[in-house]
Amino acid sequence: SAAAVALLFAVGYLPVTFGTRAWNPTMIPFFSTLSLLGWLQYLGNRKQWGIVVGLVAAAIVFYLHFQAVVLFLFAASVFGYSLWHDRSSYPQWLLAGICILLTLFPYILVEYRDNWSNTLHIWSYYTTEHSEYYDRVSKPDYVLSFFPSFIERLTFGKENTGLLYGRLLFFGGFTSVLFWL
């Protein structure tokens, strides 16, 4: 527990320094990658410390940019996997949850005082504004047609009628990755 407190103290100034005064985009990929690598260490090598590292890094990224909410979707997937396959990881999930609450406590306090202004803007972006800016990417047609056509052009040099081969390769590869986990 002393190491966890030392880690939180060591990185505690980063969200305040880079998140409130200057947006430093180089920190976002570093901590995003650190969170994904932590979860991969847990999934692939059964290193349970990866749970804590992944969630604390995701909380730091959330401080730096609100689009890091996407990382919490990965965290939810890893949590669901651990519920199903590895019940011995519950203490690490509890420790990681406490660390996240400690890390996000200043954010929650400021949001409470400001009537949840940033949180409402984040919610608005993900529910309405996102579709205004990225209309094509957020549609199922994009996943069902663009990716398979890209795979066909990349694999065969041309698109075939109906994108059958691209869809088979795309969805076959995607489902094999899901079953591999």
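Here's a quick rundown of the structure. (Residues numbered from 1 in each chain as written. Predicted model: local features only at pLDDT ≥ 70, side-chain atom pairs only at ≥ 80, totals over all residues. Heavy atoms only, no water.)

1. Focus: the overall build of the protein
This is how the line gets drawn: Helical segments are the DSSP runs of H or I of at least four residues, strand segments are the runs of E of at least two, and each set is numbered from the N terminus. Between buried and exposed lies partly exposed: a residue is buried under 20% and exposed over 50% of the maximum accessible area for its type, with that area taken using a 1.4 Å probe on protein chains only. Here, two residues are considered to be in contact whenever any of their heavy atoms come within 4.5 Å of each other.
Helix and strand counts for the protein stand at nine helices and zero strands. Along the protein, helices and strands appear, N-terminal first, in the series α-α-α-α-α-α-α-α-α. When burial is assessed residue by residue, the protein has 30% of its 181 residues classed as buried. For the protein, the share of sequence-separated contacts (at least 6 apart) that also reach a separation of at least 24 residues comes to 51%.

2. Brief notes about a nonpolar patch on the surface
Basically, it comes down to this: To count toward a patch, a residue needs a relative accessible area above 30% and no salt bridge. Like charges then connect within 9 Å, nonpolar side chains (Val, Leu, Ile, Met, Phe, Trp, Tyr) within 5 Å. Here the Shrake-Rupley method, with its probe set to 1.4 Å, supplies the accessible areas, and only the displayed protein chains count as covering residues. Salt bridge, as used here: a side-chain nitrogen of Lys or Arg that lies within 4 Å of a carboxyl oxygen of Asp or Glu.
A cluster of nonpolar side chains, contributed by Leu 36, Val 70, Leu 73, Phe 74 and Tyr 126, occupies part of the molecular surface with about 430 Å² of accessible area. The element best represented in the nonpolar patch is helix H5 (residues 69-85), accounting for three residues. Structurally, Tyr 126 is set in helix H7 (residues 117-133). On the accessibility criterion, Tyr 126 (31% relative accessible area) is partly exposed.

3. A short note on the packing of helix H4 (residues 49-64) against H5
As a reminder of what qualifies: Note on geometry: axes are C-alpha line fits, over the in-contact stretch for helices, and angles between N-to-C directions span 0 to 180 degrees. Oblique is the label for any angle not covered by the other classes, which are roughly parallel (under 35 degrees), roughly antiparallel (over 145) and roughly perpendicular (65 to 115). Left-handed describes a crossing in which the near helix is turned anticlockwise from the far one by less than a right angle; the clockwise case is right-handed. Under the scheme applied here, ten amino acids are nonpolar (Ala, Val, Leu, Ile, Met, Phe, Trp, Tyr, Cys and Pro), four are charged (Asp, Glu, Lys and Arg), and all others, including Gly, are polar.
Put simply, H4 and H5 touch, their axes get as near as 9 Å, and they point 160° apart. On the basis of their axis angle, the class for H4 and H5 is roughly antiparallel. Both H4 and H5 take part in a crossing whose hand is left-handed. Contact residues: Leu 55, Ala 58, Ala 59, Val 61 and Phe 62 in H4; Val 69, Leu 71, Phe 72 and Ala 75 in H5. Considered class by class, the residues forming the contact of H4 with H5 number nine nonpolar, no polar and no charged.

4. Remarks on the nonpolar core
To keep it simple, the criterion reads: By nonpolar core is meant a set of buried Ala, Val, Leu, Ile, Met, Phe, Trp, Tyr and Cys residues that side-chain atoms within 4.5 Å join together.
Core analysis: the largest hydrophobic core is formed by 32 residues, its most contacted members being Phe 31, Trp 39 and Leu 55. Contributing elements (two or more residues each) for this core: helix H1 (2-11), helix H3 (27-45), H4, H5 and helix H6 (90-113). Examining the composition of this core, we find that twelve residues originate from one element, H4, more than from any other. Excluding its chain neighbours within four sequence positions, the residues that come into contact with Leu 55 are Trp 39, Ala 75, Trp 93, Ala 96 and Ile 100.

5. Considering the packing of aromatic side chains
Threshold: To pair, rings of Phe, Tyr and Trp, with the six-membered ring standing in for Trp, must have centres within 6.5 Å; the planes then decide the type, stacked if under 30 degrees apart, edge-to-face if over 60, and tilted in the middle.
Inspection of the entire model under this criterion finds four aromatic pairs. Note on Phe 62 and Tyr 107: the rings are 5.4 Å apart at their centroids and 80° apart in plane angle, and the pair reads as edge-to-face. In this pair, Phe 62 is assigned in helix H4 and Tyr 107 in helix H6, connecting sequence segments 45 residues apart. Through a chain of ring-to-ring contacts, three or more aromatic side chains come together here, namely Phe 62, Phe 72 and Tyr 107.

6. Quick notes on the side chain of Ser 32
Tracing the backbone through its elements, the reader meets Ser 32 in helix H3. When residues no more than four places from it in sequence are discounted, the contact partners of Ser 32 are Val 61 and Leu 71.

7. Some words on the side chain of Ser 35
Let me state the cut-off plainly: Each polar contact in these results corresponds to two N or O atoms within 3.5 Å; when the atoms are within protein, one needs to be able to donate a hydrogen and the other to accept it, and residues that are neighboring in sequence are counted only if both atoms are side-chain atoms.
Tracing the backbone shows Ser 35 in helix H3. Here the side chain of Ser 35 touches Ser 32 through a polar contact of 2.7 Å, landing on its backbone oxygen. Look past the residues within four positions of Ser 35 in its chain and what remains in contact with it is Gly 54, Ala 57, Ala 58 and Leu 71.

8. Observations regarding the environment of Ile 28
Mapping Ile 28 onto the fold places it in helix H3. A C-alpha to C-alpha distance of 8.5 Å links Ile 28 and Ala 68, two positions 40 residues apart in sequence.

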